[in-house]
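The chain contents come next:
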Amino acid sequence: REEVKDHKVNWAAKFTFPCKMMANASTGVLERCVLRISIRKESKGGRSFNKLGFVDLNLAEYAGAGITYKKALLEGYDARHRQDNSMLKFSIAMNMLSGDVLFKV
């Protein structure tokens, strides 16, 4: 939880998790590995919340790129009612634990 200050929230949390990515044996191209980041706004002391939107990231696009800094526009849960034009800034750092180092993004 973070407070809104100057129309933005700075949420500097770090998450570390293993992710298994598979590559096509004949082409070496990594298959999609989707990470969904969902953002919600709490109100009334955390007793209720509004879903602002989400971002789906294909982690295979960031493999082998080191630390990557990006921005993405939140997608609404309901296609007819967008909450706002909120942006999500994020950074991704990926480390290969095991496997073949020859792959294509």
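Residue positions are given per chain, counting from 1 as you read along its sequence in written order. For a predicted model such as this one, the threshold for reporting local features is a pLDDT of at least 70, and the threshold for listing and counting side-chain atom pairs is 80 or more; totals across whole chains, interfaces and linings nevertheless cover every residue. The basis for every side-chain value is the complete set of non-hydrogen atoms in the structure, without hydrogens or water.

A. Molecular detail of the confidence of the model for the chain. Confidence of the prediction at every residue is given by pLDDT, a number between 0 and 100. Considering every residue of the chain, the mean pLDDT works out to 80; 86% of them sit at 70 or more. Looking over the chain, one finds the lowest element-wise mean pLDDT in strand β2 (residues 48-58), namely 85, and the highest in strand β3 (residues 67-73), namely 90. Put simply, DSSP H or I for four residues or longer makes a helix, DSSP E for two residues or longer makes a strand, and each gets a number counted from the N terminus.

B. Fine view of the nonpolar core. We call a set of buried residues a nonpolar core when its members are Ala, Val, Leu, Ile, Met, Phe, Trp, Tyr or Cys and they connect through side-chain atoms within 4.5 Å of each other. Classification of residues uses two cut-offs on accessible area relative to the type maximum, computed with a 1.4 Å probe and protein chains only: under 20% is buried, over 50% is exposed, and between them is partly exposed. Of all hydrophobic cores here, the largest spans eleven residues; its members are Cys 33, Leu 52, Val 55, Leu 57, Leu 59, Tyr 62, Ala 72, Leu 74, Leu 88, Phe 90 and Ile 92. Of all the elements in the fold, those that place two or more residues in this core are β2 and β4 (87-93).

C. Just the packing of aromatic side chains, in detail. Only rings of Phe, Tyr and Trp enter the pairing, Trp through its six-membered ring, and a pair is recorded when the two centres are within 6.5 Å. The plane angle decides the type: under 30 degrees is stacked, over 60 is edge-to-face, the rest tilted. The full count for this structure, using the stated rule, is one aromatic pair. Ring geometry for Trp 11 against Phe 15: centres 5.8 Å apart, planes inclined by 50°, an arrangement best described as tilted. Here, a charge over a ring is recorded when the distance from Lys NZ or Arg CZ to the ring centre is within 6 Å and its angle to the ring normal is within 35 degrees. A cation over an aromatic ring shows up here: Arg 36 above the ring of Phe 54, its NZ or CZ 3.9 Å from the ring centre. Between the NZ or CZ atom of Arg 40 and the centre of the ring of Phe 49, over which it lies, the distance is 4.1 Å.

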